[in-house]
Amino acid sequence: MEEQKSYQRKVLASSMLGLGLEGMDVLLLSFALSSIISEFHISSAAGGMLPSITNIGMLLGGVLFGYMADKHGRIKTFTYTIFIFAIATLLMAFAHSIVEIYILRFIVGLGAGGEYGIGMALVAEVFPKSRRGQMSSWITVGGQMGTLLAAVIAATIIPLAGWRGTFVFGVLPVILAYFVRRHLPETKAWQSTHKKEQETHQHPRLKILVKDPKTTGITLGLIVMSTVQIAGYYGLMNWLPSLLEKQQGLTVSGSSVWMISTIIGMSIGMLCFGKLLDRFGSKITYSTFLIMAAASISLYSLVHNSLLMLIVGMIVGFFANGMNAGYGALISSFYPTEIRSFANNVIFNTGRAIGGLSPILIGYLIDKSGFSAALLFLGSLYLISLIVVNLIPNPLGKNQVSD
């Protein structure tokens, strides 16, 4: 029993660190973007392609490494993905042209996209279904801690060594990769499934995602929910601070205080969401948070001073991004072990690739219809997910049978 608990702790810690270091890498690009644009004399549009290229890499990496993890082993593939995005991030510090940076960001995306689903699958296989929501929430909180680490690194290193110095920290995940390969065996669930596949000469069947109309509907529904989650996050984090600064004359959006307060709200929301998901299931928990996310976004229209902006940022972060904690548990519970990593990566990274385009649409709405229209659009997104989550089955909750 103690050995099992030790193994669970190691899996949880490695998955948290993996997503945290991925979050660190993504935010480091945000801090460095203006400097990259200036140094290589490119347009803002050309610089804006970097996050999109990373998201495309994440989608392809999710497909490739998700399949490899299901076929060849979670731990082995998890290590490869960490090495890939760590080394590519480090090489950013030595790039001599924008083309090199484009290529490196694509490679970073390949590794980061593969890591997400593998970490979620590992946790789903070593913890009982009744605790998946809670454990998934801890992984996503790890991602938020990575963003805070990036803010600290950027604030400390950029003034001393410029934007290139921040990417030297990309080598940190290599330490995690060494730890994972040395101390973690494959999960018993994967070993059992892999043994059966070898005996029957069968391999992970990708068509399981769309094997019948019901499963196809679930897969498409989860992609829609993932898209809404990412679109809302990018819209909130990329546009609202600058919008409020212009509309209300606030300056807090330019400081780390707003980011920290929002991330604190997100992290608390994630931990609460995970516990509620395990207790009440996906329909009740997601419905509550989706309704509150749509409603809380409208509070930004009432913001008229810096203190209110911090408070509203924390509230919106709690509800709008607290839900992010549940996707790994939710997706894992719909699909069997032999395709679990692939399902997580394909579904969530497809949502990431599509939802990551939301700032473009929001920018268009701002230009054409103004601030209120942008808020209405963001709030309406969550109502789409509200419909979807009540159309698909509820695989989680206290009374559900563990698999």
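Only a predicted model underlies this, so the values are computations on that prediction, with no experimental measurement involved. (Residues numbered from 1 in each chain as written. Predicted model: local features only at pLDDT ≥ 70, side-chain atom pairs only at ≥ 80, totals over all residues. Heavy atoms only, no water.)

Student: Pulling in residues and values, what's your account of a nonpolar patch on the surface?
Tutor: Among the surface-exposed residues, Phe83, Ile87, Leu91 and Phe94 lie close enough to one another that they form a single nonpolar patch of about 360 Å² accessible area. Locating Ile87 in the fold gives a position in helix H3 (residues 74–91). Among the residues examined, Ile87 registers a relative accessible area of 35% and is labelled partly exposed. (Patch = residues over 30% accessible without salt bridge, like charges linked within 9 Å, V, L, I, M, F, W, Y side chains within 5 Å. Areas by Shrake-Rupley, 256 points an atom, 1.4 Å probe, with all protein chains shown as cover. Salt bridge = Lys/Arg side-chain N within 4 Å of Asp/Glu carboxyl O. Helix = DSSP H or I, 4+ residues; strand = E, 2+ residues; numbered from the N terminus. Buried < 20%, exposed > 50% of the residue type's maximum accessible area, 1.4 Å probe, protein only.)

Student: Can you explain the pattern of salt bridges? Please cite residues and give values.
Tutor: Taken as a whole and assessed by the stated rule, the structure comprises four salt bridges. Close ionic contact of Arg74 with Asp70 constitutes a salt bridge, the shortest N to O distance being 2.5 Å. No difference in accessibility class separates Arg74 from Asp70, as the two residues are buried. A salt bridge links Glu125 to Arg74; its shortest N-O distance comes to 2.4 Å. Pair noted here: Glu125 is in helix H4 (residues 98–126) and Arg74 is in helix H3, with a separation of 51 residues, a long-range link. Through salt bridges with shared partners, a single network forms among Asp70, Arg74, Glu125 and Arg340.

Student: Can you tell me about the packing of aromatic side chains, naming the residues and giving the values?
Tutor: Two aromatic rings, taken as a pair, are described by how far apart their centres are and by the angle between their planes. Taken as a whole and judged by the stated rule, the model has 11 aromatic pairs. Where Trp163 meets Phe167, the ring centres are 6.0 Å apart and the plane angle is 80°; that geometry is what we call edge-to-face. Highlighted residues: Trp163 and Phe167, both in helix H5 (residues 132–167), separated by four residues, approximately one helical turn. Comparing Trp163 with Phe167 shows no difference in burial state: the two are buried. Ring centres 5.8 Å apart and planes at 50° place the aromatic pair Tyr327 and Phe348 in the tilted group. In this pair, Tyr327 sits in helix H12 (residues 327–334) while Phe348 sits in helix H13 (residues 340–355), placing the two residues 21 residues apart along the sequence. Judged by its relative accessible area of 1%, Tyr327 falls in the buried class. (Phe/Tyr/Trp six-rings, centres within 6.5 Å; stacked < 30°, edge-to-face > 60°.)

Student: For the packing of helix H1 (residues 2–40) against helix H2 (residues 44–72), give the residues involved together with the corresponding values.
Tutor: Running from N to C, H1 and H2 point in directions that differ by 160°, and their axes come no closer than 9 Å. As far as their axial angle goes, H2 and H1 are roughly antiparallel. The handedness of the crossing between H1 and H2 comes out as right-handed. Of the residues in H2, those touching H1 at Glu22, Val26, Leu29, Leu33, Ile36 and Ile37 are Ser44, Gly47, Leu50, Pro51, Thr54 and Met58. For the contact of H1 with H2, the residue count by class is eight nonpolar, three polar and one charged. (Axes fitted to C-alpha atoms, helices over the stretch in contact; angles between N-to-C directions. Parallel < 35°, antiparallel > 145°, perpendicular 65-115°, else oblique. Left-handed = near helix turned anticlockwise from the far one by under 90°. Contact = heavy atoms within 4.5 Å. Nonpolar A, V, L, I, M, F, W, Y, C, P; charged D, E, K, R; others polar.)

Student: Explain the layout of surface pockets residue by residue, including any values.
Tutor: Approximately 280 Å³ is the volume found for the second largest pocket. Taken together, 14 residues line the second largest pocket, and the ones lying closest to its centre are Gln4, Tyr7, Pro185, Glu186 and Lys188. Of all elements in the fold, only H1, H4 and helix H7 (188–200) reach the threshold of two or more residues within the lining of the second largest pocket. By residue number, the principal contributor to the lining of the second largest pocket is H1, which donates five residues. Classifying every residue of the lining of the second largest pocket gives four nonpolar, five polar and five charged. (1 Å grid on protein atoms, 1.4 Å probe; cavity = no way out; pocket = protein on both sides within 12 Å on 5 of 7 lines; lining within 4 Å. Points joined across faces, edges and corners; volume = space filled by probe spheres on them.)

Student: Tell me about the nonpolar core, and name the residues and values.
Tutor: By size, the foremost hydrophobic cluster in this structure holds 111 residues, and its most contacted members are Ile36, Ile101, Leu222, Tyr286, Tyr335 and Tyr382. Of the residues forming this core, the biggest block, 14 residues, is contributed by H1. Setting aside its immediate chain neighbours within four residues, Ile101 contacts Ile36, Phe40, Leu50, Met92, Ala95 and Trp163. (Core = buried A, V, L, I, M, F, W, Y, C linked by side-chain atoms within 4.5 Å.)

Student: So what's going on with empty space enclosed by the protein? Which residues, and what values?
Tutor: This structure, assessed with the given rule, holds three cavities of 30 Å³ or more. Here the largest cavity defines a volume of roughly 50 Å³. Around the largest cavity, the lining residues are Leu236, Met237, Trp258, Thr262, Met266, Tyr300, Gly313, Val316 and Gly317. For the lining of the largest cavity, the elements supplying multiple residues, two or more each, are helix H8 (213–248), helix H9 (256–280) and helix H11 (306–321). Split into classes, the residues belonging to the lining of the largest cavity amount to six nonpolar, three polar and no charged. Estimates place the volume of the second largest cavity at around 40 Å³. Those elements that provide at least two residues to the lining of the second largest cavity are H4, H5 and H12.

Student: Pulling in residues and values, what's your account of the side chain of Ser267?
Tutor: Within the element layout of this structure, Ser267 appears in helix H9. Residues in contact with Ser267, not counting those within four places in the same chain, are Val141, Gln144 and Met145.

Student: Help me get a handle on H2, residues and values and all.
Tutor: A rise of 1.5 Å per residue sets the reference length of H2, with its 29 residues, at 42 Å; its end C-alpha atoms lie 42 Å apart and thus fit the reference within 8%. Roughly 25° is the biggest bend found in H2, and it falls at Leu50, with proline Pro51 one to four residues downstream. The backbone nitrogen of Ala46 has a side-chain oxygen 3.1 Å away, supplied by the residue at the start of H2, namely Ser43. The first or second residue beyond H2 is Gly73, which carries a positive phi of 130°. (Expected span 1.5 Å × (residues − 1). Bend = angle between axes of the 7 residues up to and from the residue. Polar contact = N/O pair within 3.5 Å; in protein donor to acceptor, adjacent residues only side chain to side chain.)

Read these as geometric descriptors, not functional statements.
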